[in-house]
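# Descriptive structure summary
Each chain is listed here by its residues.
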Amino acid sequence: MSREDHNTIGYVVALISEFAAKYGILPRQAYAYLKRFKGLDYLYKHYNVLHTFSLEDTVQSVSDVCRHNGEKL
């Protein structure tokens, strides 16, 4: 595994945990939600930019993407 892949995975795991904490759900539920409503696709596609923002800002951005794709928490 490349260093970039390792960093990306670590960031996504941290973001899922922050997302779960913000919405009071389990990390497993956060993962399923983000996957279903394209939040993970957005994270992977834009990782190079998103990892430079705070986790709070990225959680908000991902939440907006999920809402745009049809769901609210």
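Treat the numbers as computed from the prediction; the structure is a model and nothing was measured.

Further remarks concern the packing of aromatic side chains. The description of an aromatic ring pair uses the distance of the two centres, along with the angle that the planes make with each other. Enumeration over the complete set of coordinates arrives at 4 aromatic pairs. Judged by centre distance (5.2 Å) and plane angle (50°), the rings of Tyr33 and Phe37 are tilted. Overall, Phe37 belongs to the buried group, its relative accessible area being 10%. An aromatic cluster is built from Phe19, Tyr23, Tyr33 and Phe37, whose rings are joined through pairwise contacts.

With respect to the helices and strands, the residue Thr58 is situated in helix α5 (residues 55–68). Excluding its chain neighbours within four sequence positions, the residues that come into contact with Thr58 are Tyr11, Leu15, Leu43, Leu50 and Phe53.

Two residues of an α-helix separated by three or four positions point the same way, owing to the 3.6 residues in each turn. With 14 residues, α5 extends 20 Å between its outermost C-alpha atoms, agreeing within 8% with the 20 Å of an ideal straight helix rising 1.5 Å per residue. Looking only at α5, the buried set comprises Thr58, Val59, Ser61, Val62, Ser63, Val65 and Cys66. The secondary structure elements touched by the buried residues of α5 are α1 (3–23), α2 (27–36), α3 (39–45) and α4 (47–50). Gly70 lies just past α5 and shows a positive phi near 110°.

Rules used throughout
Residues numbered from 1 in each chain as written. Predicted model: local features only at pLDDT ≥ 70, side-chain atom pairs only at ≥ 80, totals over all residues. Heavy atoms only, no water. Phe/Tyr/Trp six-rings, centres within 6.5 Å; stacked < 30°, edge-to-face > 60°. Buried < 20%, exposed > 50% of the residue type's maximum accessible area, 1.4 Å probe, protein only. Helix = DSSP H or I, 4+ residues; strand = E, 2+ residues; numbered from the N terminus. Contact = heavy atoms within 4.5 Å. Expected span 1.5 Å × (residues − 1).

The analysis is restricted to geometry; functional conclusions fall outside its scope.
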